[in-house]
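# Commentary on secondary and tertiary structure
One letter stands for each residue in the lines below.
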Amino acid sequence: MNIFSKTLSKLGIKNKANSRNIELNQLYKFLGIDANAGSNNLSEATYFSCLKVLSESIGKLPLKILQHNENKGVSTLRDHHLYTLLHDRPNSYMTASIFWSTVEYNRNHYGNAYVWIQGVGTEQKLWILPSTDVKVWYDDALILADQPDIYYLYYAGGKVYKFGSEEILHFKTSNTFDGLIGVPIQEQLSTTLKGGVKSQKLVEKMYDSGFTAKAVLQYTGNLNDENVKTFVAGIESYSKGGLANEGIENIIPIPLGAQLTPLNVKLADNQFIEVKQYTALQIASAFGIKPYQIGDYTKSSYASTEIQQLSFYVDTLLYIVKQYEEEITYKLLSRAEILNGIHVKFNVNVILRADLSTQIDTLSKGVAGFIYTPNEARAMLDLETKPGGDKLLGNGASIPVDLAGIQYIKTDTSNGDITPNKDAENQRKGDN
């Protein structure tokens, strides 16, 4: 057994523990128990915001099937049987935007997202499998089949469904130590997230107490336990505003011989806001989310929204998008199609699109520079084509690079000799 097999064997040991966790989760669901009660990281505002930003960013991007054509360009294959599946509706119940954003949500929260490829050809559909109910096995011992392969075991309804590697689209986080299983970001940031959840609960408790700190109630005399509880409960109901319905809101009556000393705990004194902001930046950094995307504009140094989006795309989304494109292209297209230049690609221009004035200026330069035809430029603005707009146009003064300077050369047609064009050269010197 080689080193890679040994590593995967260790992974198999982990998966035994994972299978027990899956069975326990199914039991919890059956009994109506929330297994994650008390440790729900989604209640942490920054963590939830990061998941939302990434999932919606992927959901915004149209997924298309393209092909490199004979002219070394790229054309869209709208007639391909997978185009509608990927671009419009992966299955009967989900639009493409909801589908891919849900996949991204699972990928980040659980570390892995699994999509079952059902059927072939025009009947093909894509279904998202619950990440908590799937485990991954590398069968190098040929226990599950006659060929060594990666298998996905899906536990549902008391049954186990086995899928080969070609039947599942597997998207994982960049945090992986074996290349097969992604590590959830919440696991990497467990301590930070726990602190964030606790800080949120602290604020909730302060709201519940009417932002009234704990206090020491001093009194003279002897009271039994029951009288002490009644006495303290009365003072507390006044301090929390419990008698507001009776018109008593701001006054706390203190009996003769009693003294109420508050134990002031101020958030500012404990640098609560600063610590919470630092925690939020740590969480956002782990996701690759920019501070301005979670509402922190204190250190924003970008001149425009376009530059902000470009930075987010290059630093964060590019890796994610590339992983999606590679996995989908390899598992949904045939080998012959891939060799023929067919591939899957997200249209990232929807998030890098500039304002209308900048778009028109850029496209105008592209048309004048022989890059776009007028109709191609109009299509980028969602305008209809016009007759005669399929030809490249440009400045008439432009010449091919291999003819540059020909105006300064005169050819002697009698013997084919080339001599300098003195008139043109003198004219050039005079212009200078």
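Details of the structure are given in the entry above.
I will try to describe carefully the structure that is included in this document.

Rules used throughout
- Each residue is numbered by its place in its chain's sequence as written, counting from 1.
- Thresholds applied to this predicted model are a pLDDT of at least 70 for local features of residues and 80 or more for the giving and counting of side-chain atom pairs; totals over whole chains, interfaces and linings are not thresholded and use all residues.
- Neither water nor hydrogens contribute to the side-chain values; these are computed over all heavy atoms in the structure.
- Pairing of aromatic rings covers Phe, Tyr and Trp, the last through its six-membered ring, and needs centres within 6.5 Å; plane angles under 30 degrees mean stacked, over 60 mean edge-to-face, and all others mean tilted.
- For the purposes of this entry, the term helix denotes a DSSP run of H or I that reaches at least four residues, the term strand denotes a run of E that reaches at least two, and both are numbered from the N terminus.
- Each residue's exposure class comes from its accessible area (1.4 Å probe, protein chains only) as a fraction of the maximum for that residue type: buried when under 20%, exposed when over 50%, partly exposed otherwise.
- Here, a salt bridge means any Lys or Arg side-chain nitrogen found within 4 Å of an Asp or Glu carboxyl oxygen.
- Criterion used throughout: strands pair if DSSP finds at least two bridges between them.
- As a rule, the C-alpha atoms of each element are fitted with a line to give its axis, helices using only the stretch in contact, and angles between N-to-C directions run from 0 to 180 degrees.
- Here, residues are in contact when the closest pair of their heavy atoms is within 4.5 Å.

### Concerning the packing of aromatic side chains
Considering all chains together, one arrives at 10 aromatic pairs under this definition. For the pair phenylalanine 171 and tyrosine 324, a centre-to-centre distance of 4.4 Å together with 20° between the ring planes defines the contact as stacked. With phenylalanine 171 in strand 8 (residues 168–172) and tyrosine 324 in helix 9 (residues 305–332), the pair connects residues that are 153 residues apart, well separated along the chain. Residue class for phenylalanine 171 comes out buried when judged on its relative accessible area of 0%. A residue is classified by how much of its surface remains accessible, and tyrosine 324, at 0% relative accessible area, is buried.

### Regarding the pattern of salt bridges
Here the structure, examined in full by the defined rule, presents 7 salt bridges. Linking lysine 52 and glutamate 56 is a salt bridge whose minimum nitrogen-to-oxygen distance equals 3.2 Å. Of this pair, lysine 52 and glutamate 56 both sit in helix 2 (residues 45–60), separated by 4 residues, roughly a single helical turn. Residue glutamate 56 is classed as partly exposed on the basis of its relative accessible area, which comes to 38%.

### Thoughts on the sheet that holds strand 4 (residues 125–129)
Strand order in the open sheet made by the 3 strands is 4-3-8, with antiparallel pairing throughout. Edge positions in the sheet fall to strand 4 and strand 8, since each has one partner strand and no second. On average, each strand axis in the sheet is inclined to that of its neighbour by 25°, with strand direction left out of account. Where strand 3 (residues 112–118) lies against strand 4, 5 bridges are found, and the strand directions are antiparallel. Within the sheet, the bridge partner assigned to valine 115 lies in strand 4 and is isoleucine 128. Across the face of the sheet, helix 4 (residues 96–110) comes into contact with strand 3, strand 4 and strand 8 while running at roughly 140° to strand 3.

### A few points about the side chain of glutamate 104
Relative to the elements of secondary structure, glutamate 104 occurs in helix 4. The class of glutamate 104 is buried, set by a relative accessible area of 0%.

### A few points about the environment of lysine 125
Within the element layout of this structure, lysine 125 appears in strand 4. Relative accessible area serves as the criterion here: at 25%, lysine 125 is assigned to the partly exposed category. C-alpha of lysine 125 to C-alpha of leucine 85: the two residues are 40 residues apart in sequence and 7.1 Å apart in space. Dropping the residues within four chain positions of it, lysine 125 is found in contact with Leu85, Pro90, Ser92, Trp116, Ile117 and Gln118.

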